[in-house]
Amino acid sequence: MYAKTFGETVCGINGEEIIVEVDISNGLPGFDIVGLPDTAVKESRERVRASLKNSGLMFPMTRITVNLAPADLRKDGSSLDLPIAVGILTAAGSLLQEEAEGKIFVGELALDGSIRQVAGVLPMILYAREHGWREIYIPQGNAAEGELVDGIDVYTPASLSELVSHLKKRERLTPLPKIQFGTGTAGCGDVDFAEVRGQQVVKRALEIAAAGGHNVLMVGAPGSGKTMLARRLPTILPPMTEDEILEITKIYSIAGLLNGKKQLVLERPFRSPHHTVSASALIGGGSVPKPGEVTLSHNGVLFLDELPEFSRQALEVLRQPLEDGVVTISRVQASLSFPARLILITAQNPCPCGFLGDKVHSCTCRPHEIERYRRKISGPLLDRIDIQVTVPRLEYDDLKDKTEGESSAVIRSRVVKARGVQRKRFEGSGVHCNAQMNKKQLNKYCKLEPQAEAMLGKYFAALGLSARTHDRIVKVARTIADLEGSAAIKAAHIAEAIQLRTSVQR
Ligand SMILES: Nc1ncnc2c1ncn2[C@@H]1O[C@H](COP(=O)(O)OP(=O)(O)O)[C@@H](O)[C@H]1O
Ligand SMILES: [Mg+2]
Ligand SMILES: [Zn+2]
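Here the structure is a predicted model, which is why all the values come from computation and not from measurement. (Residues numbered from 1 in each chain as written. Chains lettered and ligands numbered in written order. Predicted model: local features only at pLDDT ≥ 70, side-chain atom pairs only at ≥ 80, totals over all residues. Heavy atoms only, no water.)

So, the coordination of the zinc ion (ligand 3)
So, point 1. Around the zinc ion (ligand 3), the donor atoms from the protein are Cys351 (SG), Cys353 (SG), Cys363 (SG) and Cys365 (SG), and they sit 2.2 to 2.4 Å away.
So, point 2. In this structure, the zinc ion (ligand 3) is coordinated by four donor atoms arranged in tetrahedral fashion, with angles at the metal of 105 to 112°.
So, point 3. A residue is classified by how much of its surface remains accessible, and cysteine 363, at 24% relative accessible area, is partly exposed. (Donors = N, O, S within 2.8 Å, 3.2 Å for Na, K, Ca; no water. Tetrahedral: all angles 85-135°; square planar, octahedral: opposite > 155°, others 65-115°. Buried < 20%, exposed > 50% of the residue type's maximum accessible area, 1.4 Å probe, protein only.)

Okay, here's the thing in structure tokens:
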């Protein structure tokens, strides 16, 4: 006897349909799964067998063959347990084919027949809705993801036997209610720029970075406040839109990072991987590619603290996603891309001992040590960092100053305004902010006033800037003008942009 059911797997950040065919024929008892299953699917055999038995359902003592199609798609994880179990029950006659029809099943089975949470459910539900499915069955542990998508009935049976009762219409389950989530929440935990004393120049640099989506390097002695400042960048970015929330939640769903209370990513991500992170953990990878840190930072901030401590390889692989806003992972079978549109914030000491240029402490490093330390960050990576600032150590007066700095909310309102100008400017072009402009857009939108042009020309020659650096300065100047509500790029905007790019000694 033959039955067909449907499950899903995740490919990149999208769901993909899997057809589960089950054939039961006479012969020696046996249970095979074919169709390129990885080890997880093989283990599924044992889980399906035990869960059927322990649910009081029949496990046919004949020859069972399960085929997962399409054969060339790699199937990952344990989410296919449920459609396999339903398929066996249908082929064995315990369920009627029409009782299993028109439904997608997703879930891992525990040996006692209960249905366990799996990763990647949100993209699967989105896929099912997009392709006209009316019903999807997911684990209870993934219920919060099910509540996000309307236009499809999402059911969350606790166990295999509960599912069978429902399908046989003995005891019906009710589909999940849908929640409205609107826009995201601002901020990142409970930190605020108001807590930062002094550091006006760096705060201004971060405001410009947030407004135009520019990457930042902060150079300063230990304790100067680099980490404190970086952590507050997400608090001045605009709240995420509904689409941004769904997009990033999908990514966290695939990475298996949604659990407990955190079922919906409402705050912009802030990721700060340790400097021992591997290149593949940074950009994503694995035999079934999983999103890396750059993708987990999508729509948010990636903070690399102690930049020179990262492996050269890790820093090299960052270049492509920083340039393109997506990361492409090549595999033998196919290449996948994950989104990676983020603001990169990096921090480092000025030298190995950390005190080069300090007013009080003296640097104990030898020149060649300083040289080697700096060379660790390659030119091409630095080229992609539009804003490079020095973080001075706080003066005693600043530290003792009890007046609160500007709050994140106030700074954010300016950022939101500047982003609004950019949204109109780039409407329909796929570009979101000034930092992402291509050459053509740069020429079109960044006309310099004559004085500004003259000033840039003078510095360009005097500082020996590269063409790339030139373009980055113009982009930052565009953002500074946008913050001011100025259509034209004036000399003052160019002057500040030059400062922000050239004040760190190299
Ligand atoms: N501008 C500042 N205003 C208030 N506190 C600060 C400031 N700069 C540094 N601090 C204090 O010093 C601590 C160390 O700063 P941190 O950000 O870790 O420095 P760094 O990362 O540069 O080594 C912070 O946790 C904070 O308490
Ligand atoms: Mg630090
Ligand atoms: Zn030193």
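And the narrative resumes.
Considerations on the nonpolar core
So, point 1. If you look at the biggest cluster of nonpolar residues, it comprises 58 residues, and the most contacted ones within it are Val106, Ile125, Ile136, Ile152, Val294 and Leu318.
So, point 2. Non-local contacts of isoleucine 152, meaning those with residues more than four positions away in its chain, are made with Ile125, Ala128, Arg129, Trp133, Arg134, Glu135, Ile136 and Lys178.
So, point 3. One finds Val196, Ala205, Leu237 and Ile498 within the second-largest nonpolar core, a separate group that totals 49 residues. (Core = buried A, V, L, I, M, F, W, Y, C linked by side-chain atoms within 4.5 Å. Contact = heavy atoms within 4.5 Å.)

Comments concerning the layout of surface pockets
So, point 1. Approximately 1200 Å³ is the volume found for the largest pocket.
So, point 2. If you trace the largest pocket, you find 45 residues lining it, with Arg341, Arg419, His432, Cys433 and Gln436 closest to the centre.
So, point 3. Elements that contribute at least two residues to the lining of the largest pocket include exactly helix H13 (319–324), helix H17 (408–425), helix H18 (439–445) and helix H20 (467–484).
So, point 4. Grouping the amino acids of the lining of the largest pocket by side-chain chemistry returns 17 nonpolar, 13 polar and 15 charged.
So, point 5. Here the lining of the largest pocket spans two domains, since at least three of its residues come from each of domain 2 (193–424) and domain 3 (437–506). (1 Å grid on protein atoms, 1.4 Å probe; cavity = no way out; pocket = protein on both sides within 12 Å on 5 of 7 lines; lining within 4 Å. Points joined across faces, edges and corners; volume = space filled by probe spheres on them. Helix = DSSP H or I, 4+ residues; strand = E, 2+ residues; numbered from the N terminus. Nonpolar A, V, L, I, M, F, W, Y, C, P; charged D, E, K, R; others polar. Domains from an automatic or database assignment.)

Re the site of ligand 1
So, point 1. Around ligand 1 sit 13 residues, and of these Arg197, Gly223, Lys226, Thr227 and Met228 come closest.
So, point 2. One nitrogen or oxygen atom from the side chain of threonine 227 is found 2.8 Å from an oxygen atom belonging to ligand 1.
So, point 3. A per-class count over the shell around ligand 1 returns five nonpolar, five polar and three charged. (Near = heavy atom within 4 Å. Polar contact = N/O pair within 3.5 Å; in protein donor to acceptor, adjacent residues only side chain to side chain.)

Focus on the sheet that holds strand S11 (residues 270–271)
So, point 1. Strand order in this open sheet of five strands is S11-S14-S17-S10-S18, and the pairing throughout is parallel. Taken across any chain shown, the strands that pair with only one partner, and hence form the sheet edges, are S11 and strand S18 (387–391). (Pairing = 2+ DSSP bridges.)

Notes on H20
So, point 1. Relative to the 26 Å expected for 18 residues at 1.5 Å per residue, H20 spans 26 Å between its end C-alpha atoms, a close match to the ideal helical length.
So, point 2. At the exit of H20 stands glycine 485, carrying a positive phi of roughly 75°. (Expected span 1.5 Å × (residues − 1).)

Description of the packing of aromatic side chains
So, point 1. Counted under the stated rule, the structure contains six aromatic pairs.
So, point 2. Arranged with centres 5.7 Å apart and planes meeting at 55°, the rings of phenylalanine 31 and phenylalanine 59 form a pair that is tilted. With phenylalanine 31 in strand S3 (residues 30–34) and phenylalanine 59 in the loop between helix H1 (39–54) and strand S4 (63–69), this pair connects stretches of sequence that are 28 residues apart.
So, point 3. Accessibility expressed as a relative area gives 9% for phenylalanine 59, which makes it buried.
So, point 4. Here a set of aromatic residues connected by ring pairs shows up, and it is made of Phe105, Tyr137 and Tyr155. (Phe/Tyr/Trp six-rings, centres within 6.5 Å; stacked < 30°, edge-to-face > 60°.)

A closer look at the domain arrangement of the chain
So, point 1. Looking at the chain, the domain boundaries give domain 1 (2–167), domain 2 (193–424) and domain 3 (437–506).
So, point 2. Here the C-alpha centre of domain 2 lies 41 Å away from the C-alpha centre of domain 1.
So, point 3. Listed by partner, the interface residues are 20 residues for domain 1 and 18 residues for domain 2.
So, point 4. The contact between domain 1 and domain 2 buries some 1600 Å² in all, and 67% of this surface belongs to carbon and sulfur atoms.
So, point 5. Summed over the three residues of domain 1 that lose the most area to domain 2, namely Gly12, Ile13 and Arg74, the buried surface amounts to 33% of that side.
So, point 6. For the pair domain 1 and domain 2, the number of links is zero salt bridges.
So, point 7. Among the elements of the structure, strand S1 (2–11), helix H4 (121–130) and helix H5 (143–146) are those that each provide at least two residues to the side of domain 1 that touches domain 2. (Buried area = accessible area lost by both parts, 1.4 Å probe. Salt bridge = Lys/Arg side-chain N within 4 Å of Asp/Glu carboxyl O.)

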